[in-house]
Amino acid sequence: MQQPIAILDSGVGGLTVCKEIMRQLPREKIMYFGDTARAPYGPRPAEEVTRFTRQIVEYLIQFRPKMIVIACNTATAVALEDIRSRVAIPVVGVIHPGARAANGRTQSGIVGVIGTEGTIRSGAYEQALKQLSPSIDVISLACPKFVPLVEQGNFRSRETQEVVETSLQPLKARNIDTLILGCTHYPYLSDTIASVMGRDVMLISSADETAREISTILHDRNRLTRDGELPIHQFFCSGDPRMFRMIAQQWLGEQIELTPVVWQVPKIG
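Residues numbered from 1 in each chain as written. Predicted model: local features only at pLDDT ≥ 70, side-chain atom pairs only at ≥ 80, totals over all residues. Heavy atoms only, no water.

- The name an unreviewed UniProt entry assigns to the protein chain is Glutamate racemase, from the organism Paenibacillus glycinis.
- According to UniProt, the comment filed for the protein chain under the heading Function (unreviewed entry) is "Provides the (R)-glutamate required for cell wall biosynthesis."
- The record held by UniProt for the protein chain lists under Pathway (unreviewed entry) the comment "Cell wall biogenesis; peptidoglycan biosynthesis." (UniProt positions renumbered as here; feature names shortened; annotations may be inferred.)

**Some remarks on the sheet that holds strand 7 (residues 178-181)**
Argument step 1. On the basis of which strands lie adjacent, the open sheet formed by four strands has the order 6-5-7-8 and parallel pairing. Taken across any chain shown, the strands that pair with only one partner, and hence form the sheet edges, are strand 6 (137-142) and strand 8 (202-205). Here the strands of the sheet are splayed against their neighbours by 25 degrees on average, with no regard to which way each runs.
Argument step 2. Two elements, strand 5 (residues 110-115) and strand 7, share four bridges in a ladder whose sense is parallel. For Gly-112, the partnering residue across the bridge sits in strand 7 and is Leu-179.
Argument step 3. Across the face of the sheet, helix 10 (residues 206-220) comes into contact with strand 7 and strand 8 while running at roughly 50 degrees to strand 8. (Pairing = 2+ DSSP bridges. Helix = DSSP H or I, 4+ residues; strand = E, 2+ residues; numbered from the N terminus. Axes fitted to C-alpha atoms, helices over the stretch in contact; angles between N-to-C directions. Contact = heavy atoms within 4.5 Å.)

**A closer look at the state of the cysteines**
Argument step 1. In this structure the tally under the stated criterion is zero disulfides.
Argument step 2. Of the cysteine sulfurs around Cys-18, a residue in no disulfide, the closest is that of Cys-237, at 14 Å.
Argument step 3. According to the relative accessible area criterion, Cys-18 is buried, its value standing at 0%.
Argument step 4. Overall, Cys-237 belongs to the buried group, its relative accessible area being 2%. (Disulfide = S-S within 2.5 Å. Buried < 20%, exposed > 50% of the residue type's maximum accessible area, 1.4 Å probe, protein only.)

**Focus: the pattern of salt bridges**
Argument step 1. Under the criterion given, the structure shown has 13 salt bridges.
Argument step 2. With its nearest N and O atoms 2.0 Å apart, the salt bridge here joins Arg-100 to Glu-213. Here the residue Arg-100 occupies a position in helix 4 (residues 95-105), and Glu-213 occupies one in helix 10, the gap between them amounting to 113 residues.
Argument step 3. Since its relative accessible area comes to 39%, Arg-100 is described here as partly exposed. (Salt bridge = Lys/Arg side-chain N within 4 Å of Asp/Glu carboxyl O.)

**Structural notes on the environment of Asn-103**
Argument step 1. Positionally, Asn-103 belongs in helix 4.
Argument step 2. Asn-103 gets classed as partly exposed once you look at its relative accessible area, which sits at 25%.
Argument step 3. Each C-alpha atom, one on Asn-103 and one on Thr-178, is 8.9 Å from the other, the two residues being 75 residues apart in sequence.
Argument step 4. In this view, Asn-103 contacts Leu-129, Leu-132, Ser-133 and Ile-136; residues no more than four positions away in its chain are not counted.

Structure (structure tokens):
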């Protein structure tokens with residue numbers, strides 16, 4: 001039986017990682033869990049986010065995945081090492097790949113990071129960036145209104161434009177040349193974020209960079225699927241399956257039109 005790559009997120013944000021994995025590794029089976037009933041994770045205490053992440057991993061591990069991807073920046077910041085200590089397979093987070101990409105692309109050495117309250121409060125991106133380049137200047141900003149917009153499927157409206165413009169105003173005068181989208185929900189809003197920040201600011205998607213790291217790890221471990229058959233992906237959500245499925249189908253588009261998909265609503269917690 002083909003072993004899947006298990007991806008978990010607080011909601012639909014991790015689908016941005018999922019899409020890139022499907023593009024780069026079309027033979028890999030994806031098992032995705034979106035904890036939509038308890039999203040967003042950003043405002044929650046670290047202990048609660050860690051508990052939720054453990055519950056999801058305990059559920060997914062029964063399917064014998066070959067890798068676990070914590071596609072949530074908040075959960076990566078507070079629970080990555082805890083999960084790594086509990087399972088015997090590779091566990092990948094989304095913070096270090098994004099930090100490495102930003103460090104390699106900034107010209108001015110002034111990097112912006114936007115994320116949930118939990119991610120920004122943890123200082124995880126700043127720590128990762130400083131490890132790579134101690135002299136780098138990191139400007140961090142929490143944007144708590146972004147995730148609810150995405151979870152509602154509200155990507156391109158006048159309200160979204162106004163929320164993004166107001167939220168990002170503190171970064172406009174800071175002369176950053178690189179901006180890390182430090183939440184996997186944020187690529188849904190990337191067009192609006194790019195228009196607000198201007199063409200001189202390069203956006204770094206932690207989702208895209210994480211998918212590249214996953215590909216590298218599986219290749220190095222000789223764990224890439226060599227089966228010629230198309231995989232059957234499985235998508236789980238803990239909340240409203242209709243909204244989740246609508247956003248997933250809209251975002252993944254032809255990626256899931258070409259492959260069979262199973263939709264399920266499990267009971268956890």
